[in-house]
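Residue-level structure breakdown
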Amino acid sequence: MSKQMQGRQIKLLQGNEACADAAIAAGCRFFAGYPISPSSEIAEHLSVLLPRVGGKFIQMEDEIAAMGAILGAAMTGAKVMTATSGPGYSLKQENIGYAVMAEIPCVIVDVMRGGPSTGLPTSPAQSDVMQARWGTHGDHPAVALAPASVREIYEETIRAFNISERYRIPVSLLIDEIIAHMRERLVVPDPSQIVLWQRPRPTVPPEQYLPFGDTATGVPPMADFGTGYRYHVTGLYHDARGLPKDTPEIVDSAIRRLMRKIELGMAEIQKYEEVGLLDAAVGVVAYGSSARSAKAAIRMARARGISVGLLRPVTLWPFPENAVRGLADRVKHIIVPEMNLGQLVLEVERVVAGRCPVHRVNRVTGEPIPPGDILAKIEELAKA
Amino acid sequence: MFDYEKYLRLEMFPHIWCPGCGDGIVMKSLLRAIDRVGLQKDEICMVSGIGCSSRLPGYVDFNTLHTTHGRPLAFATGVKLAKPALTVIVVTGDGDALAIGGNHFIHAARRNIDLTVLLFNNATYGMTGGQLAPTTPTGKIASTARDGSIDPPFDACKLAIAAGATYVARATSYHSQQLDRLIEGGIKHKGFSLIEVLENCNTYYGRPNKISLVELLEWEKDNTVNIKAAERMTPEQLQGKIITGLLYQAGRPEYVAGYEQHIARVQAKAGVAA
């Protein structure tokens, strides 16, 4: 399956396998999970890979427990991950909110399937875009990444770990089933070429340490449990020392700092691809496997002389507002194809704010969006 | 005089517990037991869920993790497996451990993972105002059972033994010296240890049931029998009594130690230098 070529390792890998490999490369040493289609291959691979590198894999009794276990492990300093799909992602939401509040780095892979409920267990969908943003209760920042190829799953898994560590925040990796189960060629980067970020750790003695204090970046340093920095961690509102406090001043500054640390990091958390937009009269905004269909549709449209381009957000949350606003100023129409009944399009419409019409192409049948569906919309708009 | 302050976060006081609550008695017992085991504060990770008793870790100077309702055993499993050198003590209530967290309770026991679980059983949901708990005796009044509960209660110790726990003890907040010894034994035991403590919530269990604080404490004394004394008693004498003490102890492979062996095995097989 793999061979050495010019110093690089070339592999033919399934998306879920690439995710597991990348987690190891990113330094993940603890995984807790629960079986669920279509994500199970990630757990299966990591159950083999982790013990070999001295890491720990544990299959927990349920999705909630898996989320709790990774957060406990993360408190000891480990880089941690869990993987699930829609129903399991719903179950994890309360503990994801805990990770936001207690600022515990972790990566949650959600291989999206059709919902609601048990829905379509092995069919593709992009059903959890809004769950990734608002799944847990209360105001909170959210980071979600949506890769569109096996290679990008590898890259974005590493980036998910990096962002989660540097910003002390849970990061969701939203993979649609098509990409997760697709096999593609992957040039595995040499470990020396992979840039890894670590969580900030305290540089002051324990008596001066503030585990939830404000800093220039908004991210406080995080001490590993058992290293002399004894402190309290709670999902309650808390002061800089982590002790429960609910005065209006403390609550207000705490939640605003949680939001601000991600706003300050926007430039490096944001990632999107632009294709053929310089001369485009029509812009397609698409992500994940829908972006692959969109690219095919755009090629066909351009062959027919229609100037159309693609804006492909890789980071869905925080939403690439400026890029979408810039697109709306340049094109006459925006098309948003999604394998749901319109989720990210709501955000596109909000940001475009009437600058140009926004059109939807949706499919929720458990099938990928055929390029023809998007092409038909492009041609319709080009004629209008 | 025992130096409690050595282990307390004094700036956190006064605590949230009602006058007469058993939680403070149990907390002091826990601190004495930790002291007797001789552990350093840095070596201890204390994990709790949600509820009155789960506020305890906020008051003590260890690595403390106050998690979500019912989930402390899931978090604690992650802490212990990722960093076996830590002594992990779980502080949980009867609702936290046996209702919303029941699944984690039986599976942590099944794995026999080296956690010490101190289960505060006050037969009610105190923090939320005295609703029916999985431990409320049938017939008693709760704010969601105003005409008396028709639900049968759980026996946490029997449940733990059946699920695979290897150290199972029951004590009361009245018999605090016995409680010290049982907690100490639980911490020293390598495996899943449960110490269930019968204690009172005079505010939300006593008041609606018209039982005074003194009566609640006397009940702990009069209705429990130490397992050693029980051996000399007849079935008639034991009628209606609750047995306390170390109810069960067994040797069985511990989960984290087993995992370390598993790592060594697969690394040897794969030719990885450990």
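Residues numbered from 1 in each chain as written. Chains lettered and ligands numbered in written order. Predicted model: local features only at pLDDT ≥ 70, side-chain atom pairs only at ≥ 80, totals over all residues.

A tally of regular secondary structure across chain A gives 13 helices and 17 strands. In terms of C-alpha radius of gyration, chain A reaches 21 Å, essentially the compact-globule figure of 21 Å for 384 residues. By its C-alpha atoms, chain A is 70 × 55 × 45 Å across when sized along the principal axes. For chain A, with 384 residues in total, the buried portion stands at 54%. (Helix = DSSP H or I, 4+ residues; strand = E, 2+ residues; numbered from the N terminus. Rg over C-alpha atoms; globule rule 2.2 N^0.38 Å. Buried ≥ 20, exposed ≤ 12 C-beta atoms within 10 Å, placed from the backbone.)

A word on the overall build of chain B. Helix and strand counts for chain B stand at 11 helices and 8 strands. Its C-alpha atoms give chain B a radius of gyration of 19 Å, within 12% of the compact-globule value 19 Å for 274 residues. With the C-alpha coordinates aligned to their principal axes, the bounding extent of chain B is approximately 70 × 50 × 40 Å. A burial count over chain B gives 51% of its 274 residues as buried. Taking contacts inside chain B between residues at least 6 apart in sequence as the whole, the part at least 24 apart equals 65%. (Contact = placed C-beta atoms within 7 Å.)

Now for the sheet that holds strand 14 (residues 308-313) of chain A. Residues and elements named next belong to chain A. Read from one edge to the other, the open sheet built from 5 strands follows the order 12-14-13-16-17, with strand pairing classed as mixed. The open sheet terminates on both sides in strands that have one partner only, identified here as strand 12 (272-275) and strand 17 (358-362). In this sheet, neighbouring strand axes are inclined to one another by 20 degrees on average, regardless of whether the strands run parallel or antiparallel. Inspection of the sheet shows strand 13 (residues 282-285) paired to strand 14 by 4 bridges, in the parallel sense. (Pairing = 2+ DSSP bridges. Axes fitted to C-alpha atoms, helices over the stretch in contact; angles between N-to-C directions.)

Quick look at the packing of helix 1 (residues 15-26) of chain A against helix 6 (residues 150-167) of chain A now. Residues and elements named next belong to chain A. In contact at an axis separation of 8 Å, helix 1 and helix 6 are set at 35 degrees when each is read in the N-to-C sense. With respect to the hand of their crossing, helix 1 and helix 6 are arranged in right-handed fashion. Residues Gly15, Ala18, Cys19, Asp21, Ala22, Ala23, Ala25 and Ala26 of helix 1 lie in contact with helix 6, whose contacting residues are Val150, Ile153, Tyr154, Thr157, Ile158 and Phe161. Residues of the contact of helix 1 with helix 6, tallied by class, amount to 11 nonpolar, 2 polar and 1 charged. (Left-handed = near helix turned anticlockwise from the far one by under 90°. Nonpolar A, V, L, I, M, F, W, Y, C, P; charged D, E, K, R; others polar.)

As a further point, take the interface of chain B and chain A. Taken together, the contact pairs 36 residues of chain B with 34 residues of chain A. Where the side of chain B that touches chain A is concerned, the elements lending two or more residues are strand 2 (63-66), helix 2 (72-82), helix 4 (102-111) and helix 11 (255-270) of chain B. The greatest single-element share of the side of chain B that touches chain A, amounting to 8 residues, is contributed by helix 2 of chain B. Partitioned by chemical class, the residues of the side of chain B that touches chain A number 18 nonpolar, 13 polar and 5 charged. The pairing of strand 11 (residues 232-234) of chain A with strand 2 of chain B spans 3 bridges and is classified as parallel. Along strand 2 of chain B, the bridge assignment pairs A:Thr234 with B:His66.

In this section: the pairing of strand 6 (residues 106-114) of chain A. Residues and elements named next belong to chain A. Among the 9 residues that make up strand 6, 9 are buried, leaving the element largely enclosed by the rest of the structure. Sheet analysis places strand 5 (residues 79-84) next to strand 6, joined by 4 bridges and oriented parallel. Across the sheet, residue alanine 83 finds its bridge partner in strand 6, namely valine 109. A crossover links strand 5 with its parallel partner strand 6, the connecting element being helix 4 (residues 86-102), and its sense is right-handed. Bridging between strand 6 and strand 9 (residues 170-176) involves 7 bridges; their strand directions are parallel. Its bridge partner being in strand 9, valine 107 is matched across the sheet by valine 171. Where strand 6 folds back on strand 7 (residues 120-124), the antiparallel hairpin that results is connected by 5 residues, among which serine 117 adopts a positive phi of roughly 60 degrees. (Right-handed = clockwise from strand over helix to strand, strands pointing away.)

A few words now on the nonpolar core. Ranked by internal contacts, the top residues of the largest apolar core, which has 180 residues, are A:Ile70, B:Val79, B:Leu118 and B:Leu194. With 10 residues, helix 3 (residues 63-75) of chain A is the single largest residue contributor to this core. Leave out the neighbours within four places in its chain, and B:Val79 touches A:Gly72, A:Ala73, A:Met75, A:Thr76, A:Phe225, B:Cys45, B:Val47, B:Leu86 and B:Val88. In terms of nonpolar packing, the next biggest core, distinct from the first, is built from 12 residues, B:Cys52, B:Ala142, B:Cys201 and B:Tyr204 among them. (Core = buried A, V, L, I, M, F, W, Y, C linked by C-beta atoms within 7 Å.)

Before going further, it helps to examine unusual backbone geometry. Residue and element names in this part refer to chain A. The linkage connecting serine 37 with the following residue, proline 38, adopts the cis geometry, with an omega of 0 degrees. Among the structural elements, proline 38 can be located in the loop between strand 3 (28-33) and helix 2 (40-52). One non-glycine residue with positive phi stands out, namely serine 117, at about 60 degrees. The topology assignment puts serine 117 in the loop between strand 6 and strand 7.

Residues and elements named next belong to chain A. Where helix 10 (residues 288-303) meets helix 13 (residues 371-383), the closest approach of the two axes is 8 Å, and the angle between their N-to-C directions is 50 degrees. Relative to helix 13, the element helix 10 lies oblique. As for how helix 10 packs across helix 13, the hand of that crossing is right-handed. Packed against helix 10, whose contacting residues are Ser293, Ala294, Ala296, Ala297, Met300 and Ala301, the element helix 13 presents Pro371, Ile374, Leu375, Ile378 and Glu379 at the interface. (Parallel < 35°, antiparallel > 145°, perpendicular 65-115°, else oblique.)

The subject of this paragraph is the confidence of the model for chain B. When pLDDT is averaged along chain B, the result is 97; 99% of the residues meet or exceed 70. Here the predicted complex carries an ipTM of 0.97, next to a pTM of 0.97. (pLDDT = per-residue confidence, 0-100.)

We now examine the environment of B:Pro57. Relative to the assigned elements, B:Pro57 resides in the loop between strand 1 (44-48) and strand 2. By C-beta crowding, B:Pro57 is classed as buried, having 26 other C-beta atoms within 10 Å. Put simply, B:Pro57 and B:Cys45 are 12 residues apart on the chain and 9.2 Å apart in space, counted from C-alpha to C-alpha. With residues up to four places along the chain from it excluded, the contact list for B:Pro57 reads A:His232, B:Met46, B:Ser48, B:Thr64, B:Leu65, B:His66 and B:Val91.

All names here are of chain A. By the burial criterion, the buried members of helix 11 (residues 321-330) are Val324, Leu327 and Ala328. Looking straight down helix 11, one finds its buried side chains confined to an arc of 100 degrees; they lie on one side. With respect to the buried face of helix 11, the exposed residues turned more than 90 degrees away are Asn322 and Asp329. Packed against the buried residues of helix 11 are strand 13, strand 14, strand 16 (333-338) and helix 12 (344-352). (Arc of directions from axis to C-beta.)

As a further point, take the confidence of the model for chain A. Looking at chain A as a whole, the pLDDT averages 96, with 98% of positions reaching at least 70. Per-residue pLDDT stays below 50 along residues 1-5 of chain A; that stretch engages in 8 contacts with residues further than four places along the chain or on separate chains.

A few words now on helix 8 (residues 248-264) of chain A. All names here are of chain A. Taking 1.5 Å as the rise per residue, helix 8 with 17 residues should run 24 Å; its terminal C-alpha atoms sit 24 Å apart, in good agreement. Turning to helix 8, its buried residues number three or more, namely Leu258, Lys261 and Ile262. The secondary structure elements touched by the buried residues of helix 8 are helix 4, strand 8 (143-145), helix 6 and helix 9 (266-269). (Expected span 1.5 Å × (residues − 1).)

What follows covers the sheet that holds strand 4 (residues 115-121) of chain B. Reading across the sheet, the 9 strands line up as 11(A)-2(B)-1(B)-3(B)-4(B)-6(B)-5(B)-8(B)-7(B) and stay open at both edges, with mixed pairing between neighbours. The open sheet terminates on both sides in strands that have one partner only, identified here as strand 11 of chain A together with strand 7 (224-226) of chain B. Pairs of neighbouring strands in the sheet enclose a mean axial angle of 20 degrees, with direction left out of account.

A word on the environment of A:Ala328. All names here are of chain A. Mapped onto the secondary structure, alanine 328 falls in helix 11. Sequence spacing of alanine 328 and alanine 376 is 48 residues, and the spatial spacing of their C-alpha atoms is 21 Å. Contacts of alanine 328, omitting those with residues within four sequence positions, involve Ile334, Val352, Arg355 and Cys356.

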